[in-house]
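Structural characterization, general
The primary structure of each chain is shown beneath.
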Amino acid sequence: MTPIERVRARFAAAEVLGVSQHADTGEIRTAWQRAARSLHPDRSGGDGNRFVKARAAFECLAGDQDDAEDIRSENRIKRATLRRPTLARREMMMDPEDYLNCVEILENNPERTDADHVPVDIVQSGRSLVFRVSAPLVDGVNRVALPTSVLQPHLRSRPTILKFRSRKGGAGEIHVPDVLLEQRFPGTRSVKIEFSGA
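What you see is a predicted model; the values in this text were computed from it and never measured.

With that out of the way, let us pick up the pattern of salt bridges. Tallied over the full model, the rule gives ten salt bridges. Taking the shortest distance from any N to any O, the salt bridge between Arg143 and Asp116 comes out at 3.0 Å. With Arg143 in strand 5 (residues 140-146) and Asp116 in strand 2 (residues 115-117), this pair connects stretches of sequence that are 27 residues apart. Salt bridges here are not isolated pairs; linked through shared partners, they connect Arg89, Glu91, Asp121, Arg132, Glu173, Lys192 and Glu194.

Set out below in C-alpha cells:
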C-alpha cells in the first residue's frame, strides 16, 4: 500500500467508526466496541456487512496506532542507557582455618624480611578481592600470606606468599599484578591488599 492509499484508507476507516483522523488508541477502541455492540449480526437489528466494515476500519486504525507505538517504544529503548547491575559488596572475616594456614606457611618458610602479615578480613565485590591487614606496612621487605581459594571455597588450596619491598611504612595498599592473579588466584579479576596505619 502506497502512502497516499494508506492516508485514504485511514480517512475512510475514521469515517466508518465516527472518529477524527487523529484519534488516539483509546478513542478508536471505544468507537469499535460501540459499533461492535450495535452492529453484531447475532444481535437483533445487527448488520453483518456494516459489522465487517467496522472491524476492518478498527484493524486499519489500530494497526497504524500499534505501528506508531512500536516506533515510539523502539526510540525509548534506543535512548535508554544500559547500566550494569551493581554488585553486592560482601565483607567477611577470615576463615579461622585459612588464617591458621597462612600463619603456618609463614612460619614454615622463614626468610629475612622486615615484616610478615596475615589478613584479618576480606571484602569481595564480584570477582574483585580486597584483603585487609590490621598492621601497617613496614619500610623494607614485607611478606603477606593470602588464601587463594576465596572465590572457590570448595577447592581447599594452600595459601600463597607474596613478597614485596615498600619504600615507606604506614597505611597503604598493594595491587597484585595480573600475572600473579592468573597463577595464584584463579577466577579473580583483581586482588588488592590494604594495610591500616595503626
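Still more ground to cover, so stick around.
In any sheet, the strands associate via hydrogen bonds between backbone groups, in a parallel or an antiparallel arrangement. An order of 2-5-6 is seen for the three strands of this open sheet, with the pairing classed as mixed. The open sheet terminates on both sides in strands that have one partner only, identified here as strand 2 and strand 6 (160-166). With strand direction ignored, the average angle separating the axes of adjacent strands in the sheet is 20 degrees. Of the strand pairs in this sheet, strand 2 and strand 5 are connected by three bridges, and their pairing is parallel. Each residue of the ladder has a partner; that of Asp116, found in strand 5, is Arg143. Along the sheet, helix 4 (residues 96-108) makes contact with strand 2, strand 5 and strand 6, crossing strand 5 at roughly 135 degrees.

With that settled, consider the environment of Thr86. Tracing the backbone through its elements, the reader meets Thr86 in the loop between helix 3 (48-79) and strand 1 (89-93). Through-space distance from the C-alpha of Thr86 to that of Ser125 is 9.3 Å; in sequence the pair is 39 residues apart.

Looking at the secondary structure, you find Thr148 in the loop between strand 5 and strand 6. With a relative accessible area of 13%, Thr148 lands in the buried category. At a separation of 3.3 Å, a polar atom in the side chain of Thr148 contacts the main-chain carbonyl oxygen of Arg158. If we skip the residues at most four places from it in the chain, Thr148 touches Ser157, Arg158, Pro159, Thr160, Arg184, Phe185 and Pro186.

Conventions used here
Residues numbered from 1 in each chain as written. Predicted model: local features only at pLDDT ≥ 70, side-chain atom pairs only at ≥ 80, totals over all residues. Heavy atoms only, no water. Salt bridge = Lys/Arg side-chain N within 4 Å of Asp/Glu carboxyl O. Helix = DSSP H or I, 4+ residues; strand = E, 2+ residues; numbered from the N terminus. Pairing = 2+ DSSP bridges. Axes fitted to C-alpha atoms, helices over the stretch in contact; angles between N-to-C directions. Contact = heavy atoms within 4.5 Å. Buried < 20%, exposed > 50% of the residue type's maximum accessible area, 1.4 Å probe, protein only. Polar contact = N/O pair within 3.5 Å; in protein donor to acceptor, adjacent residues only side chain to side chain.

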